[in-house]
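Observations on the model geometry
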Amino acid sequence: MKTRDMARVVLRQGNVISPTRGALGLSDLVISADGKIASVAPYRSDSRWPHASKVLDLNGLTVVPGLIDAHFHMLATGTQLLTIDLAAAKSVHEVIELLEARGDESGSEWIIAGHLDDEHPGARLPTLTELDHAFPRRPIFLEHRSCHFALCNTGAMERLRLPSAVRVNGVLDGQLVGIARQRLMEAQGEEFVERALRAASLAAARRGATTVHAMEGGDLFGDFALNVLERIRCSLATDVVVYWCGTDVQRAVENGFDRVGGDSFVDGTLGSSTAALRFPYADDRASSGSLQLTEEEVADFFSAAAAFNLQSGLHVIGGRAIEVALRGIERALPKAEADTRWRLEHCGDVSKQQLRRAAQLGVCISTQPAFTYLRGGPRGVYAQRVGPRRARRLYPLRWMLDEGIHVGGGSDSPITPADCLLGLESCVNARYSDQRTSALEALRVFTSGAAWCAGEEASKGDLASGMQADLLILKENPLTCAPDKIQQIPILLVIRRGRPVCGPLMEGDGAWQ
């Protein structure tokens with residue numbers, strides 16, 4: 001059957017960019033009825049498409065593959081979109097004011113808030129006494145901006161049936177915060193969870209994502225929301241690849257998960273000085289962070305996952321945590337298939353030698369360029385934590401790519417905004433010039449590189465015949481746009497599986513109807 005006979009939609013005269021082949025020039029891209037790309041061919045003014053249901057003349061607008069957010073927390077992102085945002089609160093007084101002002105808007109007895117930030121100058125966390133005094137009757141759950149711990153008042157801890165030992169200060173971390181989140185979501189109910197998941201997926205789509213790698217369930221969030229996600233998955237704005245955030249491989253197998261570990265913590269974060277560094281923190285010489293899993297536990301996890309042929313990965317930020325993960329993978333190699341695709345999430349304080357070993361082991365890295373773009377630089381939080389010299393080498397994307405590692409870009413939303421164009425800008429316009437990438441490399445990190453990290457490179461991450469028709473129509477070309485303006489490029493249309501999802505080209509005369 002000829003391409004024009006298969007055509008359902010034709011995008012004519014688009015400036016098509018492939019992350020693997022570069023700029024293809026003005027082209028006609030044909031989407032077949034099964035939601036795949038039928039062809040991408042040079043534009044010809046005399047081409048006719050009599051059997052197409054829709055022909056959209058782009059007149060030189062840019063077409064790129066749909067972007068992939070390789071590290072995304074759907075439930076946490078959606079929950080924060082539906083509840084109170086504390087990002088602007090710079091003091092305990094402002095936190096309490098925001099909670100009081102917006103607490104009645106939720107329609108729930110619970111007051112839930114996120115983005116609690118104690119890194120503003122002079123800021124601190126509210127104490128249990130302060131929360132109890134301000135809210136003696138209503139349960140309060142405050143998620144820290146890192147999503148590594150939360151605060152509750154006494155009323156919330158009683159409702160969540162938390163052990164009396166934690167009720168001394170109201171700080172929930174480790175496995176306890178995962179248990180608390182699970183019970184909190186159960187208290188809100190399936191309808192709330194569904195709204196949160198839909199809101200998160202749509203927010204990602206509006207900023208260019210057609211697929212998200214969702215770090216969900218397990219020790220971080222509990223599995224309550226995963227049942228809801230599975231039920232609504234096909235009707236979301238994005239494709240969702242689930243990474244179950246637990247290290248109990250047998251439990252993962254019994255529950256049908258084929259990707260395990262995800263964002264399970266080997267260490268903490270740089271912002272909270274809990275990432276396991278290879279050196280003391282500059283602002284706390286007595287500490288170099290701590291490990292949450294031992295080398296033996298990590299090796300056992302990777303070995304067990306390999307024995308069941310599951311893709312596995314872990315959260316590692318500090319150099320000591322990265323070393324523990326690499327040694328665990330090396331010990332698991334005898335049980336691994338040829339293409340295991342181990343994943344390391346984040347890789348902040350990583351050395352060139354460690355990256356070389358990762359490349360040799362076939363490890364892929366899911367990293368977050370916006371971390372250093374938003375919080376890096378000589379006056380940023382990272383420079384305070386590790387010192388200005390070492391801060392220049394954090395999250396070294398340039399080094400990763402130069403070692404030939406498959407790298408997927410993510411947002412870690414809600415830690416940074418669910419915005420893949422911000423991710424591209426963060427790569428090209430990185431705070432330190434020696435870590436910057438070209439615009440085409442940045443596009444690759446958020447398309448074909450991210451697809452490879454999930455084993456989906458045969459169907460996603462590029463614009464070629466037979467691939468899933470996930471693509472964006474942009475008003476400007478990210479390869480030629482000013483590096484600090486990429487985030488501002490208008491997204492005119494998001495197409496997933498050959499169908500429009502969102503964007504202004506869905507509206508008005510001549511639009512995709």
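Here the structure is shown first, and the text comes after it.
As a convention, each chain's residues are numbered from 1 in the sequence order in which they are written. Note on the predicted model: pLDDT of at least 70 is required for a residue's local features to be given, and 80 or more for side-chain atom pairs to be given and counted; whole-chain, interface and lining totals, by contrast, use all residues. Heavy atoms from the whole structure form the basis of all side-chain values; hydrogens and water molecules are not counted.

So, the overall build of the protein chain
Condition: Secondary structure is summarised from DSSP: a helix means a run of H or I of at least four residues, a strand means a run of E of at least two, and numbering begins at the N terminus for each. The reference for a compact globule is 2.2 Å times residues^0.38; the radius of gyration itself is calculated from the C-alpha atoms. Burial classification: accessible surface area is computed with a 1.4 Å probe over protein chains only, and a residue below 20% of its type maximum counts as buried, one above 50% as exposed, and the rest as partly exposed. Any two residues whose heavy atoms approach within 4.5 Å at even a single point are treated as in contact. Only the protein chains shown count as cover for residues, and the accessible areas themselves come from Shrake-Rupley with a 1.4 Å probe.
Regarding its fold elements, the protein chain presents 20 helices and 21 strands. A compact globule built from 513 residues should have a C-alpha radius of gyration of about 24 Å, and the protein chain, at 23 Å, falls within 12% of that. Taken along its principal axes, the extent of the C-alpha atoms in the protein chain is 75 × 50 × 50 Å. Per-residue burial for the protein chain yields a buried fraction of 60% across its 513 residues. The contacts in the protein chain between residues at least 6 apart in sequence include a share of 71% that link residues at least 24 apart. Surface accessibility of the protein chain: about 20100 Å² in total, with carbon and sulfur atoms responsible for 49%.

Here's the deal with the side chain of Arg8
Rules: Whenever two N or O atoms come within 3.5 Å, that pair is a polar contact, provided that in protein one can donate a hydrogen and the other can accept it, and provided that, for residues adjacent in sequence, both atoms are side-chain atoms.
Along the polypeptide, Arg8 turns up in strand β1 (residues 7–18). A polar contact is formed between the side chain of Arg8 and the backbone oxygen of Gly498, at a distance of 2.5 Å. Setting aside chain neighbours within four positions, we find Arg8 in contact with Ile31, Ser32, Ala33, Ala52, Ser53, Lys54, Gly498 and Arg499.

Details of helix α13 (residues 352–361)
Using the following cut-off: Arc definition: directions from the helix axis to the C-beta atoms.
Every buried residue of α13 is accounted for by Gln354, Leu355, Arg357, Ala358 and Leu361. Within α13, the buried residues cover an arc of 160° as seen down the axis, which keeps them to one side. Looking at the packing, one finds that the buried side of α13 touches α12 (319–332), β17 (364–367) and α17 (397–402).

Considerations on the environment of Leu26
Along the chain, Leu26 falls in strand β2 (residues 22–32). Leu26 sits 125 residues away from Leu151 along the chain, and the two C-alpha atoms are 54 Å apart. Not counting the four nearest positions on each side in its chain, Leu26 is found in contact with Gln13, Gly14, Asn15, Pro42, Tyr43 and Gly60.

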